[in-house]
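Structure assessment
Residue strings, one per chain:
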Amino acid sequence: MMHLVLALALALAPARDGESLYNVHCSSCHGTHLQGSPDGPPLIGTGAGYVDFMLRTGRMPAAAPNEQPEQKAPSFNDAEIRAIVGYVSARAHGAPKVPQIGPGDANRGRRIFAENCAHCHGVSAHGASAGYANVAPSLMATAPEQIAEAVRSGPGEMPKFGSDVLSSRDLNDVLRYVGYLQTKTDVYNPGGLQLANIGPVAEGFVAWMFGLGLLVLFVRRIGSVD
């Protein structure tokens, strides 16, 4: 009987810990009943993948409400994150769950990334403007689990890619390709000057502006010679 009571207490402890952590660190913005507030969106309808992504990438708790959160070191350890995720997902009644990751094909993933991701995150996944004041972050330091969660849950301004748009195979291929980019910093610099891997269009624009600047200086220089 004692063993049964102890097992039951251990099973219920994560939920209580998650509730306590949520109430202390999250409820002021997201509401005591996950209903949201002027300082934070509602969590009702979100899934474990979304909450896990926001916590593991350090985007939540946010430093400043109503501003685009940036990736940083997480504020909670693994056990605390799992407790909060369990507490919220049990009450949010949403989807998706934390995605399962498998092996992928980098060559196939390159095409899928170019079609669906590069216009916001940049051709080399170093991040780029997503319109207005929104910035799609660099993926260079993001773990594949968090990339998968972002793809499925669509945090912030990012669109949600369900399995009807990107299959599990597609997602695994994208993750494999991004993993390749993370280890190959010179993949878009086979020669010449590296400009932070910002992509051929942006780098070409910088080169043209630099060249025009030199041309103007040259014209002014020869025009001032008697």
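Coordinates for the structure precede this section.
In short, a report on the structure.

Quick notes on the rules
- Residues numbered from 1 in each chain as written.
- Predicted model: local features only at pLDDT ≥ 70, side-chain atom pairs only at ≥ 80, totals over all residues.
- Heavy atoms only, no water.
- Helix = DSSP H or I, 4+ residues; strand = E, 2+ residues; numbered from the N terminus.
- Buried < 20%, exposed > 50% of the residue type's maximum accessible area, 1.4 Å probe, protein only.
- Contact = heavy atoms within 4.5 Å.
- Areas by Shrake-Rupley, 256 points an atom, 1.4 Å probe, with all protein chains shown as cover.
- Expected span 1.5 Å × (residues − 1).
- Core = buried A, V, L, I, M, F, W, Y, C linked by side-chain atoms within 4.5 Å.
- Salt bridge = Lys/Arg side-chain N within 4 Å of Asp/Glu carboxyl O.
- Phe/Tyr/Trp six-rings, centres within 6.5 Å; stacked < 30°, edge-to-face > 60°.
- Pairing = 2+ DSSP bridges.
- Disulfide = S-S within 2.5 Å.

Let's talk about the overall build of the protein chain
In terms of helices and strands, the protein chain carries 9 helices and 2 strands. Across the 226 residues in the protein chain, those meeting the buried criterion constitute 32%. The long-range fraction of contacts in the protein chain, counting pairs at least 24 apart against all pairs at least 6 apart in sequence, stands at 55%. By element, 61% of the accessible surface of the protein chain is carried by carbon and sulfur atoms, the whole surface being about 13,900 Å².

Description of helix H8 (residues 168-183)
End to end, H8 covers 23 Å across 16 residues, agreeing with the expected 22 Å (1.5 Å per residue, within 8%). Taken together, the buried positions of H8 are Asp170, Leu171, Asn172, Asp173, Val174, Leu175, Tyr177, Val178 and Leu181. Looking at the buried side of H8, the elements it contacts are helix H5 (106-116) and helix H7 (144-153).

What about the nonpolar core?
One finds Tyr22, Leu55 and Val88 to be the most contacted residues of the largest nonpolar core, which totals 21 residues. Secondary-structure elements contributing two or more residues to this core are helix H1 (2-25), helix H3 (48-56) and helix H4 (78-92). Ranked by residues supplied to this core, first place goes to H4 with 7 residues. With residues near it in sequence (within four places) discarded, Tyr22 still touches Ser27, His30, Gly31, Thr32, Leu34, Leu43, Tyr87 and Val88. With 17 residues, the next largest nonpolar core counts Cys117, Ala118, Ala148 and Leu166 among its residues.

A closer look at the pattern of salt bridges
Taken as a whole and assessed by the stated rule, the structure comprises 7 salt bridges. For Arg56, the salt bridge identified is with Asp52, shortest N-O distance 2.7 Å. You can see Arg56 and its partner Asp52 sitting in helix H3, 4 residues apart, about one turn around the helix. Given a relative accessible area of 26%, Arg56 falls into the partly exposed group. With relative accessibility at 7%, the residue Asp52 sits in the buried group. We note a salt bridge from Arg108 to Asp173, for which the minimum N-O separation is 2.6 Å.

Regarding the environment of Ala92
Here Ala92 lies in helix H4. For Ala92 and Ile44, which are 48 residues apart along the polypeptide, the C-alpha to C-alpha distance reads 4.2 Å. Setting aside residues no more than four positions away along its own chain, Ala92 makes contact with Leu34, Leu43, Ile44, Gly45 and Thr46.

Things to note about the packing of aromatic side chains
All told, the structure shown has 3 aromatic pairs when counted by the stated rule. Aromatic side chains Tyr177 and Tyr180 sit 6.5 Å apart centroid to centroid with 25 degrees between the ring planes, which places their arrangement in the stacked category. Taken as a pair, Tyr177 and Tyr180 lie in helix H8 at a separation of 3 residues, close to a single helical turn. Owing to a relative accessible area of 4%, Tyr177 belongs among the buried residues under this scheme. Tyr180 gets classed as partly exposed once you look at its relative accessible area, which sits at 32%. Through a chain of ring-to-ring contacts, the aromatic side chains of Phe113, Tyr177 and Tyr180 assemble into a single cluster.

What to know about the pairing of strand S1 (residues 128-131)
Sheet analysis places S1 next to strand S2 (residues 134-136), joined by 3 bridges and oriented antiparallel. The partner of Ser129 across the bridge, within S2, is Val135. Counting the residues that bridge the hairpin from S1 to S2 gives 2 residues, and of these Tyr132 lies at a positive phi of roughly 55 degrees.

Here we look at H7
Of all 10 residues in H7, 8 are buried; the element is thus mostly enclosed. Looking one or two residues beyond H7, the residue adopting positive phi is Gly154, at roughly 65 degrees.

Focus on the state of the cysteines
In the structure shown here, the tally under the stated rule is 0 disulfides. With no disulfide partner, Cys29 has as its closest neighbouring cysteine sulfur the one in Cys26, 8.8 Å distant. Look at Cys29 and you get partly exposed, because its relative accessible area is 23%. Between Cys117, a cysteine without a disulfide, and Cys120, which holds the nearest cysteine sulfur, the sulfur-to-sulfur distance is 8.8 Å.

Here's the deal with the environment of His93
Its location among the elements puts His93 in the loop between H4 and H5. Take His93: its relative accessible area is 68%, and that puts it in the exposed class. Sequence spacing of His93 and Leu43 is 50 residues, and the spatial spacing of their C-alpha atoms is 9.4 Å.

The values are spatial; any link to function lies outside them.
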